[in-house]
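# Summary of structural features
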Amino acid sequence: LGASSPDEIKFGYNMTALTLHLGRSIGATLRPGDEIVVTTLDHEANVSTWEAMAADRGLTIRKVDIREDDVTLDLEDLESKLSDRTKLVAVGYASNAVGTINPIAEIVARAHEVGALTFVDAVAYAPHAPIDVRAIDTDLLVCSAYKWFGPHLGALYGKAEVFDALPA
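As the structure is a computational prediction, the values presented were derived from the model and not from experiment.

Before going further, it helps to examine unusual backbone geometry. Phi is mostly negative for residues that are not glycine, and the peptide bonds are mostly trans. One non-glycine residue, V71, lies in positive phi territory at about 55°. Mapped onto the fold, V71 is located in the loop between β4 (66-67) and β5 (72-73). With a relative accessible area of 27%, V71 lands in the partly exposed category.

In this section: the packing of aromatic side chains. If you walk through the whole model with that rule in mind, you get 2 aromatic pairs. Arranged with centres 5.3 Å apart and planes meeting at 70°, the rings of W50 and F119 form a pair that is edge-to-face. With a gap of 69 residues between them, W50 in helix α2 (residues 48-57) and F119 in strand β7 (residues 117-121) connect regions that are remote in the sequence. You'll find W50 and F119 in the same group, each marked buried.

All right, on to the sheet that holds β7 then. Spatially, β1-β9-β8-β7-β6-β2-β3 is the arrangement adopted by the 7 strands of the open sheet, whose pairing is mixed. Taken across any chain shown, the strands that pair with only one partner, and hence form the sheet edges, are β1 (9-12) and β3 (60-64). Here the average twist between neighbouring strands, direction ignored, is 20°. By the bridge criterion, 3 bridges tie β7 to strand β8 (residues 140-144) in an arrangement that is parallel. Residue pairing in the sheet places F119 in a bridge with L140 of β8. Across the sheet, helix α1 (residues 15-27) touches β1, β6 (86-92), β7, β8 and β9 (154-158), and the angle it forms with β8 is around 160°. Sheet contacts for helix α4 (residues 104-113): β6 and β7; angle to β6, the most-contacted strand, approximately 170°.

Relative to the helices and strands, T138 is located in the loop between α5 (133-136) and β8. For T138, a relative accessible area of 0% puts it in the buried group. Within the local environment of T138, its side chain forms a polar contact with the side chain of T118, the two groups lying 2.9 Å apart. Not counting chain neighbours up to four residues away, the residues in contact with T138 comprise V108, T118, F119, V120, V133, Y157 and K159.

Attention now moves to α4. Taken as a whole, α4 has its buried residues at I104, I107, V108, R110 and A111. Along the axis of α4, the buried residues cluster in a sector spanning 160°; they form a single face. Considering only its buried residues, α4 is in contact with β5, α3 (75-81), β6, β7 and α5.

This part is about the side chain of T100. Relative to the helices and strands, T100 resides in the loop between β6 and α4. Not counting the four nearest positions on each side in its chain, T100 is found in contact with L41, V71, T72, Y93, A94 and S95.

On to the nonpolar core. Counting 27 residues, the largest nonpolar core has Y93, I131 and L141 as its most contacted members. Mapped by element, the contributors of at least two residues to this core are α3, β6, α4, α5, β8 and β9. The greatest single-element share of this core, amounting to 4 residues, is contributed by α4. Leave out the neighbours within four places in its chain, and L141 touches L1, Y93, V120, A122, I131, V133, I136, A155, L156 and Y157. By size, the runner-up hydrophobic cluster in this structure holds 23 residues, among which are W50, M53, A90 and L156.

Definitions and limits used
Residues numbered from 1 in each chain as written. Predicted model: local features only at pLDDT ≥ 70, side-chain atom pairs only at ≥ 80, totals over all residues. Heavy atoms only, no water. Helix = DSSP H or I, 4+ residues; strand = E, 2+ residues; numbered from the N terminus. Buried < 20%, exposed > 50% of the residue type's maximum accessible area, 1.4 Å probe, protein only. Phe/Tyr/Trp six-rings, centres within 6.5 Å; stacked < 30°, edge-to-face > 60°. Pairing = 2+ DSSP bridges. Axes fitted to C-alpha atoms, helices over the stretch in contact; angles between N-to-C directions. Contact = heavy atoms within 4.5 Å. Polar contact = N/O pair within 3.5 Å; in protein donor to acceptor, adjacent residues only side chain to side chain. Arc of directions from axis to C-beta. Core = buried A, V, L, I, M, F, W, Y, C linked by side-chain atoms within 4.5 Å.

Structure representation (structure tokens):
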């Protein structure tokens, strides 16, 4: 994944379990009225965690839609959903349903411009292409080793400073 240190990689049962645990930690740092951006292109596991956490904590979910003509994320819609209230942008690297590969480095840069953390679901992407988390500058990225014939477990990358700032 191109992490700076082995300490930036955590393992768990699978992507869904890691995302649920991470959602609990991130949720503890958020306040009512904060916003999370997800997309209509994403797998349920990268949407339902954030929706459930938002419902529990009084947060607002904003959903970025697709461009129907080519089934890509509507980046203008993304831009309209970002604000100083945005605390997390959760997006898939690639769609498991239609194969769209998202411009992750651009999405991460836009999220960082408003001070939001980024969470990238790379489960559908990782078996097909190399990933360099430092090049895309994401804060968090998750994938599943069994998708590329590894053991049945999930792998979570997180920048050291992000992991350090989150409660256990």
